[in-house]
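One letter stands for each residue in the lines below.
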Amino acid sequence: MKQKTNTRFLPKGLTILYEDRDLLVVDKPAGLLTIATESEKSKTAYAALMDYVKKGSERSKNRIFIVHRLDRETSGTLVFAKTETAKQTLQESWEKTKKIYLAVTHGVWKEKSGTIQSYLVESKAHRVYSTDEPELGKLSKTKFKVLKETNLYSLLEIELLTGRKNQIRVHLSDKKHSIVGDTKYGNETRSYPRMALHSFSIQLTHPYNNELLTFESKIPAYFTGLVGGYERNTNET
């Protein structure tokens with residue numbers, strides 16, 4: 001049963017999309033880490049939501065568990081579990097979970113839809129790149145569709161068919177259409193407010209009652225501004 005959100009303990013910058021006994025789904029803003037790193041321990045979605053479920057009580061046994069992550073620069077739908085069992089159940093079926101992203105890329109695509117496939121490897125410098133050698137990397141597949149385009153930018157809907165680190169960013173860069181604002185895998189000659197990659201929706205099977213649930217977050221106004229506006233059709237998948 002869906003719970004009511006206690007606004008008193010609502011974490012700043014995070015919007016709660018759904019909460020029940022097993023799940024906590026939020027809309028993460030760009031610029032916020034999912035979990036701590038060596039350089040940033042406290043300002044994370046995980047830390048804020050841990051405080052939220054404890055409702056200000058250090059003695060509370062309530063906690064949340066990491067199911068998946070979004071890059072710091074990526075906004076959108078992010079799922080946490082509220083029990084160890086829910087976490088394990090979700091992670092075991094995560095490859096079957098439908099994950100839809102939106103991205104604004106540089107340039108006009110010749111192919112308006114398709115699937116990008118490569119084997120991804122991470123270097124010692126933590127940079128991910130594609131290789132043709134199966135024994136070196138992990139098979140990765142990214143499905144894309146152009147929704148709208150201008151002379152400078154294209155708005156893409158992306159379905160993540162496999163979930164590798166930086167997969168979307170690398171695959172779009174491989175196609176010479178890097179994501180706007182991606183300073184790691186793009187070749188930016190100007191400064192953008194943020195990277196234009198957004199986790200739009202996640203469809204999953206509830207870990208307790210097996211109900212099929214879909215969670216959606218709003219398309220950032222920054223994205224639609226780049227392509228001169230876009231109204232999503234509710235029938236689009």
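Residues numbered from 1 in each chain as written. Predicted model: local features only at pLDDT ≥ 70, side-chain atom pairs only at ≥ 80, totals over all residues. Heavy atoms only, no water.

Novice: Can you break down the overall build of the protein residue by residue, with the values?
Specialist: From N to C terminus, the protein includes four helices and 11 strands. Relative to the globule expectation of 18 Å for 237 residues, the C-alpha radius of gyration of the protein, 18 Å, shows essentially globular dimensions. Each of the 237 residues in the protein was classed as buried or not, and the buried ones make up 46%. As presented, the protein carries roughly 13,200 Å² of accessible surface, and 47% of it is formed by carbon and sulfur atoms. (Helix = DSSP H or I, 4+ residues; strand = E, 2+ residues; numbered from the N terminus. Rg over C-alpha atoms; globule rule 2.2 N^0.38 Å. Buried < 20%, exposed > 50% of the residue type's maximum accessible area, 1.4 Å probe, protein only. Areas by Shrake-Rupley, 256 points an atom, 1.4 Å probe, with all protein chains shown as cover.)

Novice: Give me the nonpolar core: which residues, what numbers.
Specialist: Soluble globular proteins: nonpolar side chains tend toward being buried together. One finds Leu24, Phe80, Val104 and Leu172 to be the most contacted residues of the largest nonpolar core, which totals 44 residues. Not counting chain neighbours up to four residues away, the residues in contact with leucine 24 comprise Ile16, Tyr18, Glu19, Leu49, Tyr52, Val53, Ile64, Leu78, Val79, Phe80 and Lys82. Counting residues in hydrophobic clusters, the runner-up holds 14 residues, among them Tyr18, Ala81, Trp94 and Phe215. (Core = buried A, V, L, I, M, F, W, Y, C linked by side-chain atoms within 4.5 Å. Contact = heavy atoms within 4.5 Å.)

Novice: Any chance you could break down the layout of surface pockets for me, citing the residues and the numbers?
Specialist: Considered as a void within the structure, the largest pocket measures approximately 980 Å³ in volume. Around the largest pocket sit 30 residues that line it, and Arg69, Leu70, Asp71, Lys165 and Asn166 are the ones nearest its centre. Of all the secondary-structure elements, those providing two or more residues to the lining of the largest pocket are strand S5 (98-106) and helix H3 (167-174). A class-by-class count of the residues in the lining of the largest pocket yields 10 nonpolar, 10 polar and 10 charged. (1 Å grid on protein atoms, 1.4 Å probe; cavity = no way out; pocket = protein on both sides within 12 Å on 5 of 7 lines; lining within 4 Å. Points joined across faces, edges and corners; volume = space filled by probe spheres on them. Nonpolar A, V, L, I, M, F, W, Y, C, P; charged D, E, K, R; others polar.)

Novice: I'd like a description of the packing of aromatic side chains, backed by residues and values.
Specialist: Tallying each qualifying case throughout the model produces three aromatic pairs. Considering the side-chain rings of tryptophan 109 and phenylalanine 144, the 4.6 Å spacing of their centres and the 40 degrees angle between planes classify their relative orientation as tilted. Residue tryptophan 109 is found in the loop between S5 and strand S6 (113-122), and its partner phenylalanine 144 is found in strand S8 (residues 138-149); the two are separated by 35 residues along the sequence. Where tyrosine 222 meets phenylalanine 223, the ring centres are 6.3 Å apart and the plane angle is 75 degrees; that geometry is what we call edge-to-face. One Lys or Arg, arginine 21, reaches over the ring of tyrosine 208 and ends 4.1 Å from the middle of that ring. Its end group placed over the ring of tyrosine 52, lysine 55 keeps NZ or CZ at 3.9 Å from the ring centre. (Phe/Tyr/Trp six-rings, centres within 6.5 Å; stacked < 30°, edge-to-face > 60°. Lys NZ or Arg CZ within 6 Å of the ring centre and 35° of its normal.)

Novice: Can you break down the pairing of strand S2 (residues 23-28) residue by residue, with the values?
Specialist: Counting buried positions along S2 yields six of six residues, so the element is predominantly enclosed. The alternating pattern of S2 places Leu23, Val25 and Asp27 on one face and Leu24, Val26 and Lys28 on the opposite face, and all of these are buried. Note that strand S1 (residues 15-19) and S2 share four bridges and pair antiparallel. Residue pairing in the sheet places glutamate 19 in a bridge with leucine 24 of S2. Once S1 ends, the chain turns through three residues before running back antiparallel as S2. With six bridges connecting them, S2 and strand S4 (residues 75-81) associate as antiparallel partners. The residue bridging valine 25 from the neighbouring strand is valine 79, located in S4. (Pairing = 2+ DSSP bridges.)

Novice: Can you lay out the pattern of salt bridges for me, pointing to particular residues and giving the numbers?
Specialist: On inspection of all chains with the given rule, the structure shows eight salt bridges. Across the salt bridge formed by aspartate 22 and arginine 21, the nearest N and O atoms sit 3.5 Å from each other. Note that glutamate 122 is salt-bridged to lysine 165, the shortest N-O span being 2.7 Å. Here lysine 165 lies in the loop between strand S9 (153-160) and H3 and glutamate 122 lies in strand S6, a separation of 43 residues in the sequence. Relative accessible area serves as the criterion here: at 44%, lysine 165 is assigned to the partly exposed category. Put simply, Asp71, Glu73, Arg169 and Asp182 are held in one network by salt bridges that share partners. (Salt bridge = Lys/Arg side-chain N within 4 Å of Asp/Glu carboxyl O.)

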